[in-house]
Amino acid sequence: RSSDLDNKLQTTGNKMEEIKPVSNIKPIPTLASVQTAEAKSDCTSESVQQATLAALQSDVQPVGHDYVEEIRNDEGKVIRFHCKLCECSFNDPNAKEMHLKGRRHRLQYKKKVNPELQVEVKPSIRARKIQEEKMRKQMQKEEYWRRLRSEEH
């Protein structure tokens, strides 16, 4: 009996399985787009709206340029940047720009320089889980109605 099983499990190893590109895969919505959709349909949670706003604000204005110093080598070439507010360093000018727009830097700037600066509220883990559960239920509902409509046609 075990030899029958062994025979079934053996492969010839001659032919590789051909991999075909899949063209009918739908993209999975990102958290930002899911939150945006939810914020449009449900305006009761202010913190969710703020989190949504934060997710969409890739155009946040950088602050505190004056607190990032350029570290230069002997030839005068910039080799590193150092943020005095956050006590961190980075080598790349793009990283510098991202840092100046980042939440941690903006919080430090608000704390040490300008208490009036608006910094997006980061939702708590509990609030985020509640939001994700609401979105999951909403997606299930939409899928149910979509299937129901497709069965009718």
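Residues numbered from 1 in each chain as written. Predicted model: local features only at pLDDT ≥ 70, side-chain atom pairs only at ≥ 80, totals over all residues. Heavy atoms only, no water.

**Q** Honestly, the overall build of the chain in this entry has me stumped. Any pointers?
**A** When its secondary structure is counted, the chain shows 6 helices and 3 strands. Across the chain, helices and strands are ordered from the amino to the carboxyl terminus as α-α-α-β-β-β-α-α-α. By the burial criterion, 20% of the 153 residues in the chain qualify as buried. Long-range contacts, defined as pairs at least 24 residues apart, comprise 33% of the intrachain contacts of the chain with a sequence gap of at least 6. (Helix = DSSP H or I, 4+ residues; strand = E, 2+ residues; numbered from the N terminus. Buried < 20%, exposed > 50% of the residue type's maximum accessible area, 1.4 Å probe, protein only. Contact = heavy atoms within 4.5 Å.)

**Q** Which parts of the structure should I look at to understand the pairing of strand E2 (residues 78–83)?
**A** Bridge count for strand E1 (residues 68–72) against E2 is 5 bridges, and the pairing is antiparallel. Looking across to E2, one finds that Arg72 is bridged to Val78. Hairpin connection, E1 to E2: the antiparallel pair is bridged by 5 residues, and Gly76 has positive phi, about 90°. As defined by bridge partners, E2 adjoins strand E3 (residues 88–90) across 3 bridges and the pair is classed as antiparallel. Note that in E3 the partner of Phe81 across the bridge is Phe90. (Pairing = 2+ DSSP bridges.)

**Q** I'm lost on helix H4 (residues 93–101) in this one. Help?
**A** For an α-helix, the turn length of 3.6 residues means that residues three or four places apart are oriented alike. Within the span of H4, buried status applies to Lys96, His99 and Leu100. What you see down the axis of H4 is that its buried residues fit within an arc of 95°, all on one side. Of the residues in H4, the exposed ones pointing more than 90 degrees away from the buried face are Asn94 and Met98. In this fold, the buried residues of H4 make contact with E1, E2, E3 and helix H5 (103–112). (Arc of directions from axis to C-beta.)

**Q** How do you make sense of the confidence of the model for the chain when you look at a structure like this?
**A** Low pLDDT marks regions whose predicted coordinates should not be analysed in detail. In this model, the chain carries an average pLDDT of 75, and 61% of its residues clear a pLDDT of 70 or more. Contacts of residues 31–57 to residues separated by more than four positions or lying in other chains number 20 contacts, the stretch itself having pLDDT below 50. (pLDDT = per-residue confidence, 0-100.)

**Q** I would appreciate a short explanation of unusual backbone geometry in the present structure.
**A** Residues other than glycine predominantly adopt negative phi, and peptide bonds predominantly adopt the trans conformation. Of note in the backbone geometry, Glu87 takes a positive phi value of approximately 55° without being a glycine. By secondary structure assignment, the location of Glu87 is in the loop between E2 and E3. Overall, the relative accessible area of 59% leaves Glu87 in the exposed class.

**Q** Can you walk me through the nonpolar core in this structure?
**A** A general trend in soluble globular proteins is that nonpolar side chains are found buried together. Ranked by size, the top nonpolar core spans 12 residues in total: Val63, Val68, Phe81, Cys83, Leu85, Cys86, Cys88, Phe90, Leu100, Tyr109, Leu117 and Val119. Breaking this core down by element, the ones donating at least two residues are E2 and E3. Beyond its immediate chain neighbours, meaning those up to four positions away, Val119 contacts Arg103, Arg106, Leu107 and Lys110. (Core = buried A, V, L, I, M, F, W, Y, C linked by side-chain atoms within 4.5 Å.)

**Q** Can you help me understand the sheet that holds E1 in this one?
**A** Remark on secondary structure: sheet strands pair via backbone hydrogen bonds, oriented parallel or antiparallel. Here we have 3 strands laid out as an open sheet, ordered E1-E2-E3, and antiparallel in their pairing. In the strand order of this sheet, the two ends are held by E1 and E3, each with one partner. Each strand axis lies, on average, 30° off the axis of its neighbour in the sheet, ignoring direction. Along the sheet, H4 makes contact with E1, E2 and E3, crossing E3 at roughly 140°. (Axes fitted to C-alpha atoms, helices over the stretch in contact; angles between N-to-C directions.)

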